[in-house]
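Residue-level listing of the chains:
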Amino acid sequence: MYFLDDSLFPENQEKLVITAAPYGPEWEPADFPEDIPLTMDQHVQQAVDCWEAGATVLHIHVRELDGKGSKRMSQFNELLRRLREAVPEMILQVGGSISFAPEGEGADAQWLSDDTRHMLAELDPKPDQVTIAINTSQMNIVELMTDSDIAGTSFQRPELYETYRNMEVPASPAWVEEHLRRLVANGIQPHFQLAHSAQLETVERLVRRGVYTGPLNLTWVAIGGGFDGPNPYTMLEFIRRVPDGASLTLESIMRNVLPVNAIAMALGLHTRCGNEDTLWGRLGEKCTSADAVRQLVRIAGELGREVATGKEAREIYQLGEYWGSADEALAKLGYPPNRQPGQRGFLHHA
């Protein structure tokens, strides 16, 4: 992304899109019963609370009544149907690449099979977005957690801690290409969850080869453990490499969430918060997902950064838009064109 002298002026920045992730799939309900939803009614109320607080994107997971993450399509469909009624203007984004919840005490984290993951393209009613991982990688979500982060939570159980310490994100090239094909065919926009710049390079190659020729909505996921950590130098290099036509959200974990979001707001980027990313506000104080959204709205107000409405968030994400060729997509996104036979030197769009 290219920053002009006036790029930090809030009146020149896109309105802020706030993503709420209020379903905390890695936690057990007892870890924060005031904010971890269990029943379907509680799932819906979380969405309403976050919408009313100022979030325009809802990152969705579903929990069964036994507290574990649901893999049942019927549960996702029921929640999506009720959310369309309760928060009709909200962008509904299903967390589609992985299933966080271990099947049993001390079991390995159970990842959805490829065929089952592809079925996310068949959700009814369909979500606006499904998140997608790029390139199989380690996802050790506890690497950056401190003793205070896990104090009094289920993560103090050694066997559960080890389960999450050894998680992996499966995202082979063949699976990614097929998943993108199915999502686009069903009118669902992919939202790319990226661990580092190497994955961003793979996304660019997918565009250059015409595998994906739609808008790029990206999230830099700075959670460590196989992903980038919340290091400002790493962050800024990633931001530098994102094309100007993309939309970029910054995401982190535990008490890194707020400072990373504050940087995102100042730079004209977008934010994500909620109990999936952290249970905590200040040290030792838990913070509900809706309160975390309200906090971002307050900070945005101090910065002079306007918060997007649901309609404006849809325009920023370019929902429903796709382009006819790799060349058109490259031009729309702000990437240099593909090299043609005989062309030499650095390339740019005329």
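As shown above, the structure is provided for reference.
Residues numbered from 1 in each chain as written. Predicted model: local features only at pLDDT ≥ 70, side-chain atom pairs only at ≥ 80, totals over all residues. Heavy atoms only, no water.

Moving on to helix 9 (residues 257-267). Side chains three or four residues apart in an α-helix point the same way, a direct result of the helix having 3.6 residues per turn. Buried within helix 9 are the following residues: Val257, Val260, Asn261, Ala264, Met265 and Leu267. After helix 9 finishes, the residue Gly268 shows a positive phi value of roughly 90 degrees. (Buried < 20%, exposed > 50% of the residue type's maximum accessible area, 1.4 Å probe, protein only. Helix = DSSP H or I, 4+ residues; strand = E, 2+ residues; numbered from the N terminus.)

On to the pattern of salt bridges. Counted according to the given criterion, the structure contains 21 salt bridges. The residue Arg241 makes a salt bridge to Glu201 at a minimum N-O spacing of 2.5 Å. Of this pair, Arg241 sits in helix 8 (residues 232-241) while Glu201 sits in helix 7 (residues 197-208), and the two are 40 residues apart along the sequence. Residues joined in a network through salt bridges with shared partners are Glu251, Arg272, Glu276 and Asp277. (Salt bridge = Lys/Arg side-chain N within 4 Å of Asp/Glu carboxyl O.)

Before going further, it helps to spend a moment on the packing of helix 1 (residues 40-53) against helix 2 (residues 73-86). Where helix 1 meets helix 2, the axes come as close as 10 Å, and the angle between the chain directions of the two elements is 40 degrees. Here helix 1 lies oblique to helix 2, going by the angle between them. Crossing hand, helix 1 versus helix 2: right-handed. Facing helix 1, whose interface residues are Met40, Asp41, His43, Val44, Ala47 and Val48, helix 2 presents Gln75, Glu78, Leu79, Arg82, Leu83 and Ala86. For the contact of helix 1 with helix 2, the class distribution of residues is seven nonpolar, two polar and three charged. (Axes fitted to C-alpha atoms, helices over the stretch in contact; angles between N-to-C directions. Parallel < 35°, antiparallel > 145°, perpendicular 65-115°, else oblique. Left-handed = near helix turned anticlockwise from the far one by under 90°. Contact = heavy atoms within 4.5 Å. Nonpolar A, V, L, I, M, F, W, Y, C, P; charged D, E, K, R; others polar.)

A few words on the nonpolar core. Counting 56 residues, the largest nonpolar core has Ile141, Phe192, Leu216, Leu218, Leu248 and Leu250 as its most contacted members. Sequence-distant contacts of Phe192, defined by excluding residues within four places in its chain, comprise Ile132, Ile134, Leu180, Val203, Tyr212, Leu216, Asn217, Leu218 and Thr219. (Core = buried A, V, L, I, M, F, W, Y, C linked by side-chain atoms within 4.5 Å.)

The terminal C-alpha atoms of helix 7, which comprises 12 residues, lie 16 Å apart, in line with the 16 Å expected from a rise of 1.5 Å per residue. Every buried residue of helix 7 is listed here: Ser197, Gln199, Leu200, Thr202, Val203, Leu206 and Val207. Those residues of helix 7 that are buried lie in contact with strand 5 (137-138), helix 6 (173-185), strand 7 (189-194), strand 8 (217-222), helix 8 and helix 12 (326-333). Downstream of helix 7 by a residue or two, Gly210 has a phi angle that is positive, lying close to 75 degrees. (Expected span 1.5 Å × (residues − 1).)

Let us look at the packing of aromatic side chains. A ring pair, where both rings are aromatic, is described by two values, the distance of the centres and the angle of the planes. Here the structure, examined in full by the defined rule, presents five aromatic pairs. Between Trp27 and Phe155 the ring centres are 5.0 Å apart and the planes differ by 65 degrees, which places this aromatic pair in the edge-to-face class. A residue pair is termed long-range when its members are at least 10 positions apart, and Trp27 in the loop between strand 1 (18-20) and helix 1 and Phe155 in the loop between helix 4 (147-150) and helix 5 (158-165) qualify at 128 residues. For the pair Trp27 and Phe155, a shared accessibility class is recorded, and that class is buried. Each ring, one from Phe192 and one from Tyr212, has its centre 5.5 Å from the other, and the planes form 70 degrees; the classification is edge-to-face. A residue pair is termed long-range when its members are at least 10 positions apart, and Phe192 in strand 7 and Tyr212 in the loop between helix 7 and strand 8 qualify at 20 residues. Here the two residues Phe192 and Tyr212 agree in accessibility, since each one is buried. Ring-pair connections join several aromatic residues into one group, and the members of that group are Trp27, Phe155 and Tyr164. (Phe/Tyr/Trp six-rings, centres within 6.5 Å; stacked < 30°, edge-to-face > 60°.)

Moving on to the sheet that holds strand 10 (residues 270-273). If you walk around this closed barrel you meet the eight strands as 1-2-3-4-7-8-9-10, and the pairing is parallel. Adjacent strand axes in the sheet meet at a mean angle of 30 degrees, parallel and antiparallel pairs treated alike. Across the sheet, helix 7 lies against strand 7 and strand 8, angled at about 150 degrees from strand 7, the strand it touches most. Packed onto the sheet, helix 10 (residues 289-303) meets strand 1 and strand 10 and runs at close to 155 degrees relative to strand 10. (Pairing = 2+ DSSP bridges.)

Once that is clear, we can look at the pairing of strand 8. With respect to burial, strand 8 is a largely interior element, six of its six residues being buried. Across the two faces of strand 8 the burial is the same, with Asn217, Thr219 and Val221 and Leu218, Trp220 and Ala222 all buried. The sheet contact formed by strand 7 and strand 8 spans three bridges and is parallel. Each bridged residue has a counterpart across the sheet, and for Leu194 the counterpart in strand 8 is Trp220. Note that the unit made of strand 7, helix 7 and strand 8 has a crossover that is right-handed. (Right-handed = clockwise from strand over helix to strand, strands pointing away.)

Note that Ala86 resides in helix 2. As for Ala86 and Val48, which are separated by 38 residues in sequence, their C-alpha atoms are 6.8 Å apart. Those residues within four positions of Ala86 in sequence are excluded, and the remaining contacts are Val44 and Val48.

Bringing the state of the cysteines into the picture now. All told, the structure shown has zero disulfides when counted by the stated rule. Here Cys287 stays free of any disulfide, with the sulfur of Cys273 as its closest cysteine sulfur at 7.9 Å. (Disulfide = S-S within 2.5 Å.)

What follows covers the pairing of strand 10. Going residue by residue along strand 10, you find His270 and Arg272 tucked away on one face and Thr271 and Cys273 tucked away on the opposite face as well. As defined by bridge partners, strand 1 adjoins strand 10 across three bridges and the pair is classed as parallel. Of the residues in strand 10, the one forming a bridge with Ala20 is Cys273. Of the strand pairs in this sheet, strand 9 (residues 247-252) and strand 10 are connected by two bridges, and their pairing is parallel. Within the sheet, the bridge partner assigned to Thr249 lies in strand 10 and is His270.

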